[in-house]
Structures are given as C-alpha cells and as structure tokens.
Amino acid sequence: MSNRIKKVLVVTGGGDCPGLNAVIRGIAKRARKEKNWEVWGSIEAFNGVLNEPQHIIRLTSHKTAGIHVKGGTILKTTNKSNPLKYPVIQPDGTVKELDRSDELVQKIRSLGFDAVINIGGDGSQRISRVLYQKGLPIVGVPKTIDNDLSATDMTFGFQTAVQIATDAFDKLVTTAESHHRVMIMEVMGRDAGWIALHTAIAGGAEICLIPEIPYDVNKLVKRIEARYTHGKGFVNIVVAEGARPVDGTVVARAGEKGSEHKRLGGIAFQLAQQLKDAGCKAEIRETVLGHIQRGGTPTAFDRVLASLFGVKAMELVIHEEFGKMVALKNNNITYVSLEEATREYNFVQKDSYLIKAARGLGISFGD
Ligand code: F6P
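For clarity, every value in this text was computed on a predicted model and none was experimentally measured.

Draft legend 1. Focus on unusual backbone geometry. For the bond from Glu52 to Pro53, the omega torsion is -5°, close enough to zero to count as cis. In the Ramachandran plot, Glu44 falls in the positive-phi region, its phi being about 65° despite a non-glycine side chain. What makes Glu44 partly exposed here is its relative accessible area of 32%. Phi is positive for Ala45, close to 55°, though the residue is something other than glycine.

Draft legend 2. Summary view of the packing of aromatic side chains. Taken as a whole, this structure holds three aromatic pairs when the rule is applied. On the basis of an interplanar angle of 70° and a centroid distance of 6.3 Å, the ring pair of Phe156 and Phe309 is categorised as edge-to-face. With Phe156 in the loop between β7 (138–142) and α6 (158–179) and Phe309 in helix α10 (residues 300–318), this pair connects stretches of sequence that are 153 residues apart. Exposure remark for Phe156: the relative accessible area of 0% places this residue in the buried category. Taking the centre distance of 4.6 Å and the plane angle of 55° together, the rings of Tyr345 and Phe347 count as tilted. Relative accessible area serves as the criterion here: at 23%, Tyr345 is assigned to the partly exposed category.

Draft legend 3. Looking closely at the state of the cysteines. Tallying each qualifying case throughout the model produces zero disulfides. Unpaired in terms of disulfides, Cys208 finds its nearest cysteine sulfur in Cys280, a separation of 18 Å.

Calculation notes
Residues numbered from 1 in each chain as written. Predicted model: local features only at pLDDT ≥ 70, side-chain atom pairs only at ≥ 80, totals over all residues. Heavy atoms only, no water. Buried < 20%, exposed > 50% of the residue type's maximum accessible area, 1.4 Å probe, protein only. Phe/Tyr/Trp six-rings, centres within 6.5 Å; stacked < 30°, edge-to-face > 60°. Helix = DSSP H or I, 4+ residues; strand = E, 2+ residues; numbered from the N terminus. Disulfide = S-S within 2.5 Å.

Below you can see the structure in the form of structure tokens.
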C-alpha cells in the first residue's frame, strides 16, 4: 500500500437538511482511521472550487468535533450554482446558463483531489453522475427532507422534518378543538407527499392532501360537515405544498434568479378559500410551516442514518468504488449506481400500504 497522502473533497449542495453535519463528521472520522487520507470541504457546494479566490477548508478533528448534533451544514450550501447550468447574470439583468463542468473537473484535479463525496438530493446526484462520466472519481450521499429519492428506503432529514411537523400539528389540534375551527397546516415535500402523509398519521389528521392524489373540494366540505354536529367540532388538515385540486394546478411562483426550481407554497390559503367558496361554514385558519421543517437539531434516527451514510461513503472512496451513491435498503447500508440513483422520482404510490393504512385510520385524501 502506498503511503502517499490522499485527499477527498466533501461537498454539500441543494437545500440544507438536518443530518448533513453528521454525514461530514462520519466521513472525517472514518477517514482518520486510514492515516493516509485528508478530508477537505468545498464551501457553498462547488462554488468553493469554481469561484476565485477558491474557498476550500481542511476538515480537521477540531472542525468536525460534535457537529453531528447541529442542523444546517458547516460547509454552507446553495441551490443556485449547478455547474452544468451555471447561472451567469448578464449586464442587462438576464441570466445565461453556462456548462462549467469541464472546468470544475479540471480544477478539482489540479487541486490534487483523489476523490469527491457529493452530499445532495436528486439534482446534486444528477450532477455527480455527469461529473463521474467526465472521469471524476465521485461518490454520492442522498440528502433531502422530502424523501423523494427512490434508490434509498429513506433519506436523512426526513424523520426530523416529520417530527417538527408533528409537534406543530399537535399544537394546532388543541387550539382547533378549543375554537371549533378547521386548521390547515401546510408542509414541504415538493412533488411528493411523504412529509404530509407521515405527519397526518402521526398527528391523527382528519384530512391529508398530497400531490399524488388530487382532491375534490366538495368531498372535503362533506367530510368537514360530518365532524360538526350542533355547530361543534373541529378538523385538522395537513396539506403538502405540492397538492392540487382535481381541476386545478399547484401553487407556485418562479424561483430566484439562477434557481432551477419553482418555489412551491401557499396552497393552505388557496384551500381555505376553496372550502369557503364550496360552502364550508366553519372558521378556518392556516399555518405554513416553511423552513422550520429544515432547521435545528436532527433526530436521533437521522443522526444515526447520516453517520452511517458518511462512514459508508468514505469506505467506498477508500475501496475506489466510484460512480455510486450510498443507500439504505432493507435495513442495510449499501450503495447503488449513480444512474440508478437518479432514474426515478420517489412518489407515494396510491396503492401502497401506507395509503391504505391511512384510509384505515379514517384519513380522507379528498378523492
Ligand atoms: O427540497 C427541500 C425543500 O425544503 C422543499 O421541500 C421545498 O419545496 C424547497 O426545498 C424549498 O426551497 P428553498 O429553500 O429554495 O426555498
């Protein structure tokens, strides 16, 4: 075995997520056992490499000690600097997208890195796949509160988001009951209903609206009315930000300059209006949880999953198993190819047991 010091570059990209720091610490701790590996981090996704001056830091034990309990990412992140479509603002204010992937690969090489670990969601893993095809030795780690990556049974951050949403839901139940109100709580999740569905089951919602099952507002009104006898009653609704009525569209606005995603959000208010228009007599209040779901300390489960992912990613690097993404499958930490990792979006399946069980618990999806 050569004693040459090797260097791995760690990157966190896309939206932040509780557990990112636990992955970084897992990588650093596993690498330290090898003696000949140094761990470095690029600040703000690949911008740390692409920008001049570059911003790359050595992840010493001092930097990573105890960070697994901390939310966010010590490496910072962005969802507006995809190296394949790098947004460059023109003098007239328009945005031109440049493919900077060759430049990125060349810069990472000239910095002397032997490997890269890219921690991110589906967008980030698509970038990993292209960089791997261009010859970069890269390993992916799946991250998202949305749980929308199909190649892993679960992503870290998801459990924390569900816990935060459930805590908020529990609080809304008591006030709904006191005032005989309909409480609508909007949660994140993009085009998938995982956070909403888990929160609805955990909290005991009467109604759960998810992107995979468009809702009929008249059916919702009937369901609400059935809960109000002699003017008394209350209803708690969880709605995913990507939900929509059968004859409508999602509530979204354009993202900021350079962002590839539309910004979802606001369905709670639209739903309240739709319910009133359809004859709902009860008082309605809306709560949009927003980025609270992504902040703060990861749950114990997410710390464990993230730590295991970090250790596994470093082991793949040590064994030169590149072009892979670590994954949780059947209670085992394993890996899939980056191709498989990015093949399918992880929608909630309408005929899944989770949906059947939710219906069994009396939860209405408005269908
Ligand atoms: O993908 C994670 C997520 O929090 C989604 O649930 C949400 O739609 C989006 O990111 C919000 O993105 P931003 O942080 O750019 O507002």
